[in-house]
Amino acid sequence: MHKYRFFLFLTLSLALLLVTSQAFASSGNPQGQHTPGPNTPGARATEKANERATQQAGNPHGKHENFKGTVSAIDSTSITLTLRDGSSVTVGLSADTRMKFPGRPDLRPTSIQPGMRAMVRAIRDQSGNLIARAVMVIPGKPTKIHRVGIVTEYMAGSSITIQDKNGNTYTFTISGEIKLLPPERAGTLAVGARVTIIAPRDPASGGVIVKGIVIHPATP
Amino acid sequence: MPEPSGTIWLQVLSPQDEAVVNTSQVDVIGAAPAGSVVSVNDDIFLVGDDQQFKTTLSLDEGPNLIEILASDENGNETSLLLTVTYEP
């Protein structure tokens, strides 16, 4: 009888221990999505950005999320942006991440440096991590310039040189088709004409190639 | 109201910066002083007396940059850089 009571007590004790350990185990977050980090402003800001990203996404696993900010860190695996509100977000980079450098074909992914502005289009993977689909660098200055001056040399189909109001001269390459505006003044493009030349800000290997020329009316 | 910047102003009515659109084209509508030169990416305009300009740009999927410059005959220039995301 004593043996029977002892085994009954032992069985009940083991069952109680098992139930208790399962209860403790389930009190944590099974998906591990929220891990309290250090209570620093940076950590809070990052957490806030991630929360906002999830809210913006609605469907965190299927919809793209867009972030615009200043690159604060980048390596071959991730890019971190500081957003306008001061928060930061880190997005993973992969071999499928498309890099865009508007107006700067000379740039490469390794050209992206902290301090540059960028827009990132990302999607969450199955683990909830943000993965960049595309990264677009936003140039600090427009990639084109408008240069106003008087034509001092003009070789149709080849080059045009102008002198601005400060006496600086600029020579541009004419290659291929260019836009002449307004069409009715195209015939007046010659030495002495006042023009605005639209061209890329950064010279290509063949010189600064004209995109378009606006011919202003002759001043009396 | 025009937005002053230096001695030339440039106003963009549409699209808004950081807009997300679901069409592959977007109308860029704005205003600048009559007689000024405006470029919108590769499009160039000589602004008429109505001070309006409008063009339609094709978008790539994902983020796109729209670069708008305006200048006058004195060489004054102002610009706006907008990002628009195309989500098909």
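Quick summary incoming for the structure in this document. Position numbers for residues count from 1 along each chain, tracking the sequence in the order it is written. As they are written, the chains are lettered A onward and the ligands numbered 1 onward, keeping that order. Only residues with pLDDT of at least 70 are given local features in this predicted model, and only at 80 or more are side-chain atom pairs given and counted; all residues enter the totals for whole chains, interfaces and linings.

All names here are of chain B. Two strands pair if DSSP finds at least two bridges between them. Secondary structure follows DSSP: runs of H or I at least 4 residues long count as helices, runs of E at least 2 residues long count as strands, and numbering of each begins at the N terminus. Taken together, the three strands give an open sheet; going across it, the order is E3-E5-E8, and neighbouring strands pair in antiparallel fashion. Every other strand in the sheet has two partners, leaving strand E3 (11-14) and strand E8 (52-58) as the edge strands with one partner each. Pairs of neighbouring strands in the sheet enclose a mean axial angle of 30°, with direction left out of account. By the bridge criterion, three bridges tie E3 to strand E5 (residues 25-31) in an arrangement that is antiparallel. In the strand pairing of E5, Ser14 is matched with Ile29. Axis geometry follows a simple rule: fit a line to the C-alpha atoms, using only the stretch in contact for helices, then measure angles between N-to-C directions, giving values from 0 to 180 degrees.

Quick look at the pairing of strand E7 (residues 144-155) of chain A now. Residue and element names in this part refer to chain A. Examined bridge by bridge, E7 and strand E11 (residues 194-200) share seven bridges and lie antiparallel to one another. Bridge assignment links Val148 to a residue of E11, and that residue is Thr196. Taken together, the five bridges between E7 and strand E8 (residues 159-163) define a ladder with antiparallel strand orientation. Note that in E8 the partner of Ile150 across the bridge is Gln163. Between E7 and E8, which pair antiparallel and follow one another directly, the connecting turn spans three residues, one of which, Gly157, has a positive phi of 80°.

What follows is about unusual backbone geometry. Along the chain, A:Leu181 connects to A:Pro182 via a cis peptide bond; the corresponding omega equals -15°. Among the secondary structure elements, A:Pro182 is positioned in the loop between strand E10 (179-181) and E11. At the junction of B:Ser14 and B:Pro15, the peptide bond is cis and its omega measures out at 0° in the coordinates. Inspection of the secondary structure puts B:Pro15 in the loop between E3 and strand E4 (19-21). For B:Glu18, which is not a glycine, the phi torsion comes out positive at approximately 70°. Burial is judged by counting other C-beta atoms within 10 Å of a residue's own C-beta: 20 or more means buried, 12 or fewer means exposed, and anything between counts as partly exposed, with every C-beta placed from the backbone. For B:Glu18, a count of 14 C-beta atoms within 10 Å translates into the label partly exposed.

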